[in-house]
Each structure stands twice: as C-alpha cells, then as structure tokens.
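Notes for the structure review
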Amino acid sequence: MSPVGWAALKQWGDEARRIERLTGGVGVNEVWSVRVNGRLAVGRLGRRSDADLEWETELLRHLDREGMSVPVPIPTTDGRYFADGLVVMTHVEGGPPETAADWQRVAETLQQLHRLTEGWPQRPGWRSSTDLLQAETGTRVDLGAMPSEGVARCRAAWARVAGRATSVVHGDPNPGNVRMTADRVTMIDWDEAHVDVADLDLPLPHNAAGLDAEAYDLAAQARAAWEAAVCWDPTGVDPFGARRLAEVRAV
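Report follows, based on the coordinates. (Residues numbered from 1 in each chain as written. Predicted model: local features only at pLDDT ≥ 70, side-chain atom pairs only at ≥ 80, totals over all residues. Heavy atoms only, no water.)

**Examining the overall build of the protein chain**
Defined as follows: Numbering of helices and strands runs from the N terminus, with a helix taken as a DSSP run of H or I at least four residues long and a strand as a DSSP run of E at least two residues long. Between the two quantities, the radius of gyration covers C-alpha atoms and the globule rule is 2.2 Å times the number of residues to the power 0.38. Relative accessible area decides the class of each residue, using a 1.4 Å probe on protein chains only: under 20% of the type maximum gives buried, over 50% gives exposed, and in between gives partly exposed. Only the protein chains shown count as cover for residues, with accessible areas throughout obtained via the Shrake-Rupley method and a probe of 1.4 Å. We treat Lys and Arg as the positive residues and Asp and Glu as the negative residues; His and chain ends play no part in the count. Here the site of a charge means NZ on Lys, CZ on Arg, CG on Asp, or CD on Glu.
When helices and strands are counted, the protein chain shows five helices and ten strands. Its C-alpha atoms give the protein chain a radius of gyration of 18 Å, near enough to 18 Å, the size a compact globule of 251 residues would have. Dimensions of the protein chain, computed from C-alpha atoms along their principal axes, come out at roughly 60 × 40 × 30 Å. Counting across all 251 residues of the protein chain, residues that qualify as buried make up 49%. Carbon together with sulfur atoms contributes 50% to the accessible area of the protein chain, which is approximately 11,700 Å² in total. When the 27 positive and 37 negative side-chain charges of the protein chain are each reduced to one mean point, those points stand 3 Å apart.

So this is what it looks like as structure tokens:
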C-alpha cells in the first residue's frame, strides 16, 4: 500500500470518512465504504502505479460519458481522480445476476464495453493473452513460475483466439462483480480490466452471449488459461490458479 495509506482520504475533504471494510480486493487492495461530500461512496487503496490508475479512471469516465453504467471516479478537492494509490468511486446499488435473462443483460453490457473501447490503449505494464504467446511476464503474470507443460497448454489456448477482435475486457465478470436493478446493469471492480481478445469476457453462465459451441469452447479455454496465469501461486497457498490450469486441455 501507499506509505500515506488511508490518510490520503483527507484529499477528498476534511469530512471524508471510512465506514466499513467491504469484500473483494483480497491481497491486492483494501476496499471500504466511505462517506465523501455527505454521500456514500467506495474507496479502494492499493499498490498500482499512477499510470495504471490514470488508465482505469479515464476508462471509467469515458464509459460514463458514453452512457454506460459504471462506478464513476470522484475527484479530490483539487480535481485529481486518484491520490497516493487511493481511488474513490460512486457507490452502486443492486444485486447479482440470478437467471438466464439476467445473464443475457450482463452479456449485453459487456458487449457494449467492447464496442465502446475498440482501439483503446493497453493498460500500462499489462500484456494481453496473445502477447503472452511470446512474452514471459506482465503485471501479475510470470509464466516462468508455472510448470512448462502448463505454459504450453495456456499458450495453445491463447493461440486459438489470436486474431479475434480486441478491446478493453472487464477481466473478471463473476456474479460478485455485477450490480443489477430493474433498469440497469453495472460492472464493478475494474482492477483486472485491460485490452485483450473481447471473447475472454463472454463464456458466461447459460451461454448468455449466444456464442456457438466452438466459439464458446475457445473463449472458455482462453479465459481459464488467463486466470491460471494471473492467479498462479507457486507456493500452493492459493489453489485457484492450479484449479483453472487443470481445466485447460492439452491439444
């Protein structure tokens, strides 16, 4: 975390206060509900660089301007959208998707994201899945820490989606990162967003994006490979990456 820590919240005003810690951001960020300018908001404190946070906050502001429902960055009293590793965003009400119809609305929202971000620059320091066909590292990815046979399987999965359309992907469209109401769908937690093959966002429950069987399988394998690489823990303490790697088939 920033050496300033949560004292940075004062840059949103002398009355800004933390309320309670929220779920999410384990091992990477601290996420709290906060009160800023008399309204409920969400603060996220982490280790990301200023360039990384500038990319994320500009993306969210762009999507908001284009009419997409997102958590909107709230500026500090001197007009900055992040300070000392801290980002403060609007609080979003709603619940997770539950039905096939709910997931279809999620798919439409993700496809809107993809349309609105064609040609968007890559998040600083990140690599896309297809970049990792050649590169070994990028942000949280270190293929050198994974078993070579597993890396070969991941690269084979990514090679099969090379050449597909790219855009910003949310990167983690699980139910906990969706807030739905009767009239809107909002994706939260954009910490994993980056530029990649758009299909990586679309192997959703109920095949909500309507992919054909082959396209769904290719996307699901590429996403499993991506999550294995991003979440790989060579100590074995966190087994999620290993579980995802086990789902990536040899070709």
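**A look at the packing of aromatic side chains**
Condition: Pairing of aromatic rings covers Phe, Tyr and Trp, the last counted by its six-membered ring, and requires centre-to-centre distances within 6.5 Å; plane angles under 30 degrees mean stacked, over 60 mean edge-to-face, and any other angle means tilted. Our definition puts a charge over a ring when NZ of Lys or CZ of Arg is within 6 Å of the ring centre and also within 35 degrees of the ring normal.
Applying the stated rule across the entire model yields one aromatic pair. The ring of Trp32 carries Arg18 above its face, with NZ or CZ at 4.4 Å from the centroid.

**Here we look at the packing of helix α3 (residues 148-159) against helix α4 (residues 213-231)**
Short version of the rule: In this analysis, axes come from line fits to C-alpha atoms, helices being fitted only over the stretch in contact, and the angle between any two N-to-C directions falls in the range 0 to 180 degrees. In what follows, roughly perpendicular refers to angles from 65 to 115 degrees, roughly parallel to angles under 35, roughly antiparallel to angles over 145, and oblique to any angle outside these ranges. Handedness of each helix crossing follows the sense of rotation of the near helix against the far helix: counterclockwise by less than a right angle gives left-handed, clockwise gives right-handed. Two residues form a contact once any of their heavy atoms are found within 4.5 Å. Classification convention: Asp, Glu, Lys, Arg as charged; Ala, Val, Leu, Ile, Met, Phe, Trp, Tyr, Cys, Pro as nonpolar; all other residues, Gly among them, as polar.
Interhelical geometry of α3 versus α4 gives an angle of 140° and a closest axis separation of 8 Å. When the interaxial angle is binned, α3 and α4 end up oblique. Where α3 crosses over α4, the two elements pack in a sense that is left-handed. Contacts from Cys154, Ala157 and Trp158 in α3 reach Gln221, Ala222, Ala225, Trp226 and Ala229 in α4. When grouped by side-chain class, the residues that make up the contact of α3 with α4 number seven nonpolar, one polar and no charged.

**A few points about the pairing of strand β4 (residues 86-90)**
Rules: Only when DSSP finds a minimum of two bridges between them are two strands counted as paired.
Counting buried residues along β4, four of its five residues qualify, which places the element largely inside the surrounding structure. Here strand β3 (residues 39-46) runs beside β4; their pairing, made up of five bridges, is antiparallel. In the strand pairing of β4, Val42 is matched with Met89.

**A closer look at unusual backbone geometry**
Residue Thr139 is not a glycine yet carries a positive backbone phi of 55°. Within the secondary structure layout, Thr139 lies in the loop between β5 (137-138) and β6 (141-142). If you check the backbone angles, Asp189 has positive phi at about 60° while not being a glycine. Within the element layout of this structure, Asp189 appears in the loop between β9 (185-187) and β10 (194-197).

**Focus on the nonpolar core**
Applicable threshold: Within this scheme, the nonpolar core is defined by two criteria: the residues are buried Ala, Val, Leu, Ile, Met, Phe, Trp, Tyr or Cys, and they are joined through side-chain atoms within 4.5 Å.
The biggest cluster of nonpolar side chains holds 32 residues, and the ones touching the most others in it are Trp55, Leu59, Leu63, Val70, Val106, Val168 and Trp190. Among the secondary structure elements, those contributing two or more residues to this core are α1 (50-65), β4, α2 (100-116), β8 (178-180), β9 and α4. Beyond its immediate chain neighbours, meaning those up to four positions away, Trp55 contacts Trp120, Pro121, Gln122, Arg123, Pro124, Val168, Ala193, His194 and Val195.

**A closer look at α1**
The criterion, for reference: For a helix, the expected span equals 1.5 Å multiplied by the residue count minus one.
With 16 residues, α1 extends 22 Å between its outermost C-alpha atoms, agreeing within 8% with the 22 Å of an ideal straight helix rising 1.5 Å per residue. The set of residues buried in α1 consists of Asp52, Leu53, Trp55, Glu56, Thr57, Leu59, Leu60, His62 and Leu63. On its buried face, α1 sits against β3, β4, α2, β7 (166-169) and β10. Two residues or fewer after α1 comes Gly67, characterised by a positive phi angle close to 95°.

**Digging into the state of the cysteines**
For clarity, the threshold we go by: In this description, the term disulfide denotes a pair of cysteine sulfurs within 2.5 Å.
Enumeration according to the criterion identifies zero disulfides in this entry. As a non-bridged cysteine, Cys154 has Cys231 as the owner of its nearest cysteine sulfur, 11 Å distant. Classification of Cys231 by relative accessible area gives partly exposed; the value is 23%.

**A word on the environment of Asn174**
Condition: Two N or O atoms form a polar contact when they lie within 3.5 Å of each other; inside protein one atom must be a possible hydrogen donor and the other a possible acceptor, and for residues adjacent in sequence the pair counts only when both atoms belong to side chains.
Tracing the chain through its elements places Asn174 in the loop between β7 and β8. The exposure class assigned to Asn174 is partly exposed, which follows from its relative accessible area of 29%. As a C-alpha pair, Asn174 and Trp32 span 142 residues in sequence and 20 Å in three-dimensional space. Within the local environment of Asn174, its side chain forms a polar contact with the backbone nitrogen of Gly176, the two atoms lying 2.8 Å apart.

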